[in-house]
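# A structural walkthrough
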Amino acid sequence: MKYQNIIFSALITISLFFGVWQTGFADEEVSTAYYYLTYQEPADVYLGKAGVFMVSSSYNAQATINRFVPDKSHPAQDLEFYDRWLDFGIYDYLGNPYLGLWGFNYAYFNLKYRTRNLWDAGELSIYRWDEDRNKWVECPSYLVEMKNLPHGRVTCIMTTFGLYGIAVEK
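Reference entry: report on the structure contained in this document. As the structure is a computational prediction, the values presented were derived from the model and not from experiment. (Residues numbered from 1 in each chain as written. Predicted model: local features only at pLDDT ≥ 70, side-chain atom pairs only at ≥ 80, totals over all residues. Heavy atoms only, no water.)

### Looking at the pairing of strand E9 (residues 135-139)
Side chains on a regular strand alternate between the two faces of the sheet. Direction of pairing for strand E8 (residues 124-130) relative to E9: antiparallel, over a ladder of five bridges. Each residue of the ladder has a partner; that of Ile126, found in E9, is Cys139. Hairpin remark: E8 followed by E9, antiparallel, with four residues in the connecting loop; positive phi at Asn134, about 55°. (Pairing = 2+ DSSP bridges. Helix = DSSP H or I, 4+ residues; strand = E, 2+ residues; numbered from the N terminus.)

This is the structure we're talking about:
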């Protein structure tokens, strides 16, 4: 009986260790979702608390959304990000990327209590990575209160494919 308790305790300890270990690495991995778009149909392409809403898709294609923890690949010395970055692209059925973003498309981030307070204080905005200038630029952001109750959703009109993030200036 004594050995059974020791073995049972060891199994619980090992299970807890590997459970925490896997959770820690899950935050570092890139999360990806794929959506099929239908021409002239609305689409909500999302993953976690962020996504892209297309009022009317201009594509018969596949959308890919990636979410990952901000890293040093796109430095932002003057910004503090409050959620994982959103990376969005559209590909034809052969896997070739579309280069132009057409139609009315909105990047969005659902707010939590803390980020809503930052928004209300006028400090929070959506930023996009500008490949040409090699820096983050502000994307004029708006609050949609009736989405993601009780805290709302911050959104901006997308002008390009690529990286978007929600941040405050330091």
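### As for the side chain of His74
Following the sequence through the fold, His74 ends up in the loop between strand E4 (61-68) and strand E5 (79-81). Each residue touching His74, except ones within four places of it in the same chain, is listed here: Trp85, Trp129, Glu131, Trp136 and Leu163. (Contact = heavy atoms within 4.5 Å.)

### Thoughts on the packing of aromatic side chains
Going through the model one piece at a time under the given rule, you end up with 11 aromatic pairs. Where Tyr59 meets Tyr98, the ring centres are 5.0 Å apart and the plane angle is 70°; that geometry is what we call edge-to-face. Within this pair, whereas Tyr59 is found in the loop between strand E3 (50-54) and E4, its partner Tyr98 is found in the loop between strand E6 (85-91) and strand E7 (105-110), the two being separated by 39 residues in sequence. For Tyr59, a relative accessible area of 1% puts it in the buried group. Taken together through their ring pairs, the aromatic side chains of Phe68, Phe81, Trp85, Trp129 and Trp136 make up a single cluster. Above the plane of the ring of Tyr108 lies Arg153, whose end atom (NZ or CZ) is 3.6 Å from the centre. (Phe/Tyr/Trp six-rings, centres within 6.5 Å; stacked < 30°, edge-to-face > 60°. Buried < 20%, exposed > 50% of the residue type's maximum accessible area, 1.4 Å probe, protein only. Lys NZ or Arg CZ within 6 Å of the ring centre and 35° of its normal.)

Worth remembering: the numbers are spatial, not functional.
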